[in-house]
Amino acid sequence: MFAPRNASTCLPWEMPLIAAAPELEAAYAAASAAERARIDTSPAIYRLYWMARGKFGSIDVYDDPAFVVMGRHELCDVVLDGDPTIALRHLLVRAARLDDGAPRLSVLDLHTTIGFELDNGRRESSMVATGVVAFRVGAYAIVAIPRGERVPEELRPRHPYREPAPSRVTSLPRARELCDSIASIGPTYLLNVQSARGGMSVPISTLDLETGVLVGRAPKCNDRLRNILNEGISRAHILLRRGIAYDLSSTQGTYFENRRVRSATLDERGTTLRIGTMSPVLFHFHRA
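Starting afresh in each chain, residues are numbered from 1 along the sequence in its written order. Local features in a predicted model are, by the rule used here, given only for residues with pLDDT of at least 70; side-chain atom pairs are given and counted only at 80 or more, and totals for whole chains, interfaces and linings are based on all residues. Side-chain measures here rest on the full set of heavy atoms in the structure, leaving out hydrogens and waters.

*Asks:* How do you make sense of the sheet that holds strand S5 (residues 91-97) when you look at a structure like this?
*Replies:* Each strand in a sheet pairs with another by means of backbone hydrogen bonds, the pair being arranged parallel or else antiparallel. Should DSSP find at least two bridges between two strands, the strands are regarded as paired. Secondary structure counts use DSSP, requiring at least four H or I residues in a row for a helix and at least two E residues in a row for a strand, with both numbered from the N terminus. Here we have six strands laid out as an open sheet, ordered S4-S3-S5-S6-S9-S12, and mixed in their pairing. With partners counted over all chains shown, the strands left at the sheet margins are strand S4 (78-79) and strand S12 (168-171), one partner each. Pairing between strand S6 (residues 103-109) and strand S9 (residues 126-130): five bridges, direction antiparallel. When the sheet's bridge partners are listed, Arg104 is paired in S9 with Thr130.

*Asks:* Explain the side chain of Thr211 here, please?
*Replies:* Structurally, the position occupied by Thr211 is in helix H2 (residues 206-211). Each residue gets one of three labels from its accessible area relative to the maximum for its type: buried under 20%, exposed over 50%, partly exposed in between, using a 1.4 Å probe on protein chains only. Residue classification places Thr211 among the buried residues on the basis of a relative accessible area of 9%.

*Asks:* Explain empty space enclosed by the protein to me, please; I cannot follow it from the model alone.
*Replies:* Rolled over the atoms, a probe sized like a water molecule indicates the empty space that remains. Here a cavity denotes a set of grid points, spaced 1 Å apart and computed over the protein atoms alone, in which a 1.4 Å probe fits but from which it cannot get out, and a pocket denotes an open set meeting protein on both sides within 12 Å along at least five of seven lines; residues with an atom within 4 Å of a point are reported as lining. Grid points are joined across faces, edges and corners, and a volume is the space filled by probe spheres set on the points. Applying the stated criterion across every chain yields a total of two cavities of 30 Å³ or more. As for the largest cavity, its lining consists of Leu191, Val215, Ile238, Leu240, Leu266, Thr271, Leu273, Phe283 and Phe285. Listed by contribution, the elements that provide at least two residues to the lining of the largest cavity are strand S17 (238-241), strand S22 (271-275) and strand S23 (281-287). Note that Gly is not counted as nonpolar here; it falls among the polar residues with everything else outside the nonpolar set of Ala, Val, Leu, Ile, Met, Phe, Trp, Tyr, Cys and Pro and the charged set of Asp, Glu, Lys and Arg. For the lining of the largest cavity, the per-class residue count stands at eight nonpolar, one polar and no charged. Roughly 40 Å³ of internal volume is contained in the second largest cavity. Arg94, Ser106, Val107, Leu108, Ser126, Met127, Val128, Leu172 and Arg241 together form the lining of the second largest cavity. Sorting the residues of the lining of the second largest cavity by element identifies S6 and S9 as the ones contributing at least two each. Per-class residue counts for the lining of the second largest cavity are five nonpolar, two polar and two charged.

*Asks:* Quick question: what am I supposed to make of the nonpolar core here?
*Replies:* Taken as a class, soluble globular proteins show a tendency for nonpolar side chains to be buried jointly. Within this scheme, the nonpolar core is defined by two criteria: the residues are buried Ala, Val, Leu, Ile, Met, Phe, Trp, Tyr or Cys, and they are joined through side-chain atoms within 4.5 Å. Grouped together as the largest cluster of nonpolar side chains are 28 residues, with contacts concentrated most on Met70 and Phe135. Looking at this core, the elements that each hand over two or more residues are strand S1 (46-52), strand S2 (55-61), strand S3 (67-71), S5, S6, S9, strand S10 (133-137) and strand S11 (140-146). Per element, the largest residue contribution to this core is four residues, and it comes from S1. Excluding residues within four positions of it along the chain, Met70 makes contact with Leu48, Cys76, Val78, Leu80, Arg89, His90, Leu91, Val93 and Ile142. Throughout, a contact is declared for two residues whenever any of their heavy atoms are within 4.5 Å.

In C-alpha cells, the structure reads:
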C-alpha cells in the first residue's frame, strides 16, 4: 500500500541509512505497484515516490507555482533523512502542463555537493522531463509518474521506468547564487537588501531569472553579504525564477504583505519580501 503524503516509514530493526540507492528498475516496480493501488481523483500533475532502505513515501506535485522541496531538513515537503550527504534543502521540484497537455516535471538542485543522478550515472544540477522519470539522490531513488497515465502490469527487462510513454529528459544550467549575476541582453533588475546591519543592492539579469537565483547565506556570497545578513536566513532561503519567489522550506519563513507565504509573484514595478521574525531582513525586487 502506498504511503500517505510526506510519509516515511522505517522498520525498527533497520540501521541508520547509509546504503546505496535502490536500483531504478526496482524503484520503478515499487512505485508503479503503489500507483496501481491508488484510487483518487487528485488534480495533481505528477506523483512523486521516494524510497531507500526501509523507507518509502509519496507526494502529489501540483501545477506551478505549487512546488515540492526535498532535503534532510524537517520542514521540507519530502524529508530524505538518514544520509548525511543530502543537503538540508536539496531539490526544488515543480510540475506544469505543456500547451498540448503533456505533463512536465522540473527538478532543480539547490547548490548541493552531490546534485542528483539519472540512470546513466551522470550527475545533474537541473533538468526538465516529460513522461515517467527516475533518478537518484544520495541513498534514495526517486520515481515521478504522471497522474492519469496507465502504469503497465508487466515490466520490460530494460529501462522499465520509461513506459508507458517514452521519457524525454533535458539538462539545464545550474541556478545561480545571489552576487553571482551575469550580464545579458534585456532588462536588468535590482534586489535591494535591507537589515538592521545595513543595506546593499545586487543586480540581477534576465538570464539570471530564467536560470534561477538563490538568495541566502551561501558561502560565495558571504564576502559581500555577511555584514548585513543574520543567522535567521537559511543558506538557500528563496529561489527567484521566472517571476516567482519560492520559499525553500526556510526555518523563519518568507512574508509578503505581512502574510507568511510559500511563493509570491515578482512584480517588476516592485515587490517587497520580509524574511524572518526576529531582526527581519527586507528584500525589495524591482526593475532597474
